[in-house]
Amino acid sequence: MVELLKQKDEAAFKTIVETWQDMVYNTALGIVQNAEDAEDIAQEVFVQVYQSVSSFKGDSKFSTWLYRITITKSLDHERRKKRKKRFAFVKSLFGEESEVVIHPPDFHHPGVVMDKKENAAALFHAINKLPENQKIAFSLHKVEGLSYQEVSDVMKTTVSSVESLMHRAKNNLKKSLEEYYRENG
Amino acid sequence: MKQRIDIEKRVGDTLGSLDGIRRAAPQPYFYTRLKARMSRENGWSGVARFMARPAFALAMICVVIFVNTWIVFKTDKEVMPSGNNAAANEFPAEYDLTVATLYNYETP
């Protein structure tokens, strides 16, 4: 299929999109926590796949390559969003009119079981505060259901590094959630 | 003490709230929207994206520097041609600029 895509075969591209769209969308959604942004990122990912499939040498699995592109695009999106927020804040300090920074409501992942929705929203809020690499490891493992081995392949690191990232992520989440529940009762 | 236990339990429940999560899917007709986007981007925005690449910008800077350097060297050669020194030497003689000091000028 990838070989056909390298020859810009439309049918192969359609099959690849339909096979992997849920995986790409769900990964992006776990990181950016917004349905519209996740759709936008998923589209960007497939545009890049179509344009640069020739650079895929087959050293890793196709899915691993897709995960890497998705994570890079999602992190770029997050950085752009933070930059915009900072810029709007600085502009507001100088009294210049700028776009009102809207704090998004709690994110509800559509795949979470109904009776866990509220807890999951609090957890996603805490995940958003994690450092980038902890957030990626945690999202890939918990939201996408990848094993530590698969996470390490995607992140180009060792299994023990992923274990360490997960350990630190859980500790940070615990602290963050304790604080949240103490404040919100 | 009771409140602390309550918080620990809630934190534990929250950390386990993603267990059994199902994969989210995009809205239907994702491929149609993707193709529409790709055909939009094939036009001028594709050219703009190509021009916005750092490699393109760097190549353009190199071209500008090369053209400027070439023009400077070319102009230098035209202003100071090596074989035209005779005219330059005739100029001070014609206007009597060879007199070194005022004293020499007054006592011929």
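Summarised in this report is the structure supplied together with it. For clarity, every value in this text was computed on a predicted model and none was experimentally measured.

### Topic: helix α8 (residues 159-184) of chain A
- With 26 residues, α8(A) ought to run about 38 Å at 1.5 Å a step, and its terminal C-alpha atoms sit 37 Å apart, in line with that.
- Taken residue by residue, α8(A) has A:Val162, A:Leu165, A:Ala169, A:Leu173 and A:Leu177 as its buried positions.

### Brief notes about the packing of helix α3 (residues 35-52) of chain A against helix α4 (residues 62-93) of chain A
All names here are of chain A.
- Running from N to C, α3 and α4 cross one another at 130°; their axes reach a closest spacing of 9 Å. Classed by the angle they form, the pair α3 and α4 counts as oblique. Read as a crossing pair, α3 and α4 show a hand that is right-handed. Residues Asp37, Ile41, Glu44, Val45, Gln48 and Val49 of α3 form the contact with α4, whose own contacting residues are Ile69, Thr70, Lys73, Ser74 and His77.

### Examining the interface of chain B and chain A
- Each side of the interface is counted separately: chain B has 23 residues, and chain A has 32 residues.
- Elements that contribute at least two residues to the side of chain B that touches chain A include exactly α1 (2-15) and α2 (30-41) of chain B.
- Broken down by element, the residue count for the side of chain B that touches chain A peaks at seven residues, all from α2(B).

### Observations concerning the nonpolar core
- Counting residues in hydrophobic clusters, the biggest one holds 46 residues, and the most contacted among them are A:Ala28, A:Ala38, A:Ala42, A:Leu123 and A:Ala137.
- Of all elements in the fold, only α2 (10-32), α3, α4, α5 (117-127), α6 (132-143), α7 (148-155) and α8 of chain A together with α2 of chain B reach the threshold of two or more residues within this core.
- If you tally residues by element for this core, the top one is α2(A), at nine residues.
- When neighbours within four sequence positions are excluded, A:Leu123 is seen to be in contact with B:Thr14, B:Leu15, B:Ser17 and B:Leu18.

What counts, and at which threshold
- Residues numbered from 1 in each chain as written.
- Chains lettered and ligands numbered in written order.
- Predicted model: local features only at pLDDT ≥ 70, side-chain atom pairs only at ≥ 80, totals over all residues.
- Helix = DSSP H or I, 4+ residues; strand = E, 2+ residues; numbered from the N terminus.
- Expected span 1.5 Å × (residues − 1).
- Buried ≥ 20, exposed ≤ 12 C-beta atoms within 10 Å, placed from the backbone.
- Axes fitted to C-alpha atoms, helices over the stretch in contact; angles between N-to-C directions.
- Parallel < 35°, antiparallel > 145°, perpendicular 65-115°, else oblique.
- Left-handed = near helix turned anticlockwise from the far one by under 90°.
- Contact = placed C-beta atoms within 7 Å.
- Core = buried A, V, L, I, M, F, W, Y, C linked by C-beta atoms within 7 Å.

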